[in-house]
Amino acid sequence: MRALVQDLARLRRGPWEMLATVLIALGVVMLMQPVSLWLYTHSFVVTLVGTVMFIIVSHFPE
Amino acid sequence: MTDQSTDRAPTASRPLRGHVVRGLSDRAVAWIFIGPTILLLLAINIFPLIWTIRLSLTNYRANRTAEAVEWVGLRNYQRILTDPDIWHTMQATAHFLIWTIVLQVLIGFTLAYLINKKFRGNDLWTTLIVLPMMLSPAVVGNFWTFLYQPQIGLFNYVVGYLSGVDPSSFSMIGDVALAPWAIVIVDTWMWTPFVMLICLAGLRSIPESIYEAAECDRASKWRQFWTITIPMALPFLMLAVLFRGIENFKMFDLVVQLTGGGPGSITELTSINLKREAFEKWRTGYASAYAVILFVTVFGLASIYVKALNKVKQR
């Protein structure tokens, strides 16, 4: 966990990409789940943040 | 000696001339080649995308061009993301997407595995299996509506014959509980051959020598399947899931022909709903915001998949 935080702080691609991927997946699940309208309402922001983050961090060094 | 020196002179100057061809640098030649493609990409993809984002922030209606266009900010997004009807449409799309992908991958891979075994009539079976994929979705949608007819439909007859249920007692496209499954069945029937072909390519790319080595190590068929076949065919399987996932997320023609989004709006997928908003209700700004939401979702999913695919390939 500490190594992950250190890699995030050093702007390494791997952990940031992982974070972006988790956000995108979470956003899609929130968009299509049948449980809560609140989750659906906030799904787009989560997906958008994840997608933009993914585009940016894919240019970080390995 | 003189002759030799005159012969060498042009040869020495050749590399210099190679850099500049008739006054154009290598860089300029490269731009000339990729320029039309970039222009086309900007005109067909990038400009409409930027224009859609711009429209999504307005109340523009394409059927009332004389009216003043008002800047509404994020109101369209807010409305879409708090609308329970669109939320139900998303759920219908999720149901369709998940089940079609699961069924197509399972059946497609099984068929590919069987076709990959050498047997008599192998080619004929491959051709027959691939046939549904070659038909137009409009045609498939139309003839499945006949197959699903409660009175005369072959599908109802077969189900009735196998289960003992009266064939006219149920309607696949008229029943709220059965209609979502009706579109899943038709899409699976049509597109499983596509997944099968991709899986078949993956299975045929596995070298025989690996299986021979596993045989020498006395690995069972079961172990060979899980430790050789599946890992080596995985990139192809993921590619099939990516293609079908994106394609089914924007599924339109087949479902419109089959159920038209009904009964009620139970099979109204996002693309059908989007078309209604854009070209029946003429809420262009609202529909643009809807399209942007779908685009970001598909783009995000595709990014994850491409990353996963690259990782699997590196292995």
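Predicted model only: the values in this text are computed from it and were never measured. (Residues numbered from 1 in each chain as written. Chains lettered and ligands numbered in written order. Predicted model: local features only at pLDDT ≥ 70, side-chain atom pairs only at ≥ 80, totals over all residues.)

1. A few points about the packing of helix α2 (residues 13-32) of chain A against helix α3 (residues 37-57) of chain A
Each pair of packed helices can be described by the angle between their axes along with the distance between the axes.
Residues and elements named next belong to chain A.
Piece 1. Packing of α2 against α3 brings their axes to within 7 Å, and their N-to-C directions diverge by 155°. With respect to their mutual orientation, α2 and α3 come out roughly antiparallel. As α2 runs across α3, the sense of the crossing is left-handed. Between α2 and α3, the contacting residues are R13, W16, E17, L19, A20, L23, I24, L26, G27, V28, M30 and L31 on the first element and L39, Y40, H42, S43, V46, T47, V49, G50, T51, M53, F54 and V57 on the second.
Piece 2. In terms of residue class, the contact of α2 with α3 is built from 16 nonpolar, 6 polar and 2 charged. (Axes fitted to C-alpha atoms, helices over the stretch in contact; angles between N-to-C directions. Helix = DSSP H or I, 4+ residues; strand = E, 2+ residues; numbered from the N terminus. Parallel < 35°, antiparallel > 145°, perpendicular 65-115°, else oblique. Left-handed = near helix turned anticlockwise from the far one by under 90°. Contact = placed C-beta atoms within 7 Å. Nonpolar A, V, L, I, M, F, W, Y, C, P; charged D, E, K, R; others polar.)

2. Comments concerning the confidence of the model for chain A
For residues with low pLDDT, the predicted coordinates do not support detailed interpretation.
Piece 1. Averaged over all residues, the pLDDT of chain A is 87; the fraction at 70 or higher stands at 92%.
Piece 2. Across chain A, α3(A) holds the top mean pLDDT of 93, while helix α1 (residues 2-9) of chain A sits lowest at 71. (pLDDT = per-residue confidence, 0-100.)

3. Things to note about the environment of R61(B)
Residue and element names in this part refer to chain B.
Piece 1. Secondary-structure assignment places R61 in the loop between α2 (26-56) and α3 (75-80).
Piece 2. Since 16 C-beta atoms lie within 10 Å of it, R61 is described here as partly exposed.
Piece 3. For the pair R61 and T192, spaced 131 residues apart in the sequence, the C-alpha separation amounts to 40 Å.
Piece 4. With sequence-adjacent residues up to four places away left out, R61 is seen in contact with E67, W282, R283 and T284. (Buried ≥ 20, exposed ≤ 12 C-beta atoms within 10 Å, placed from the backbone.)

4. Points about the interface of chain B and chain A
Piece 1. On the chain A side, the residues contacting the 18 residues of chain B number 18 residues.
Piece 2. Those elements that place two or more of their residues in the side of chain B that touches chain A are α4 (84-116) and α13 (284-314) of chain B.
Piece 3. Of the residues forming the side of chain B that touches chain A, the biggest block, 9 residues, is contributed by α13(B).
Piece 4. Looking at the side of chain B that touches chain A residue by residue, the classes come out as 11 nonpolar, 6 polar and 1 charged.

5. Some words on unusual backbone geometry
Negative phi characterises most residues that are not glycine, and trans characterises most peptide bonds.
Residue and element names in this part refer to chain B.
Piece 1. In the Ramachandran plot, R218 falls in the positive-phi region, its phi being about 60° despite a non-glycine side chain.
Piece 2. As for its position among the elements, R218 is in the loop between α9 (208-216) and α10 (221-249).
Piece 3. The phi dihedral of W282 is positive, around 55°, even though this residue is not glycine.
Piece 4. Position of W282 relative to the elements: it lies in the loop between α12 (270-279) and α13.

6. Looking at the domain arrangement of chain B
By a frequent convention, interface size equals the accessible area lost on bringing the separate parts together.
Residues and elements named next belong to chain B.
Piece 1. Domain assignment breaks chain B into domain 1 (2-56) and domain 2 (77-313).
Piece 2. Here the C-alpha centre of domain 2 lies 43 Å away from the C-alpha centre of domain 1.
Piece 3. Counting from both sides, the interface comprises 4 residues of domain 1 and, opposite them, 6 residues of domain 2.
Piece 4. Here the side of domain 1 that touches domain 2 is built from residues that sort into 2 nonpolar, 2 polar and no charged. (Domains from an automatic or database assignment.)

7. Describing the environment of T229(B)
Residue and element names in this part refer to chain B.
Piece 1. Mapped onto the secondary structure, T229 falls in helix α10.
Piece 2. Along the chain, T229 and V29 lie 200 residues apart, while their C-alpha atoms are 46 Å from each other.
Piece 3. Setting aside its immediate chain neighbours within four residues, T229 contacts L203, I206 and Q224.

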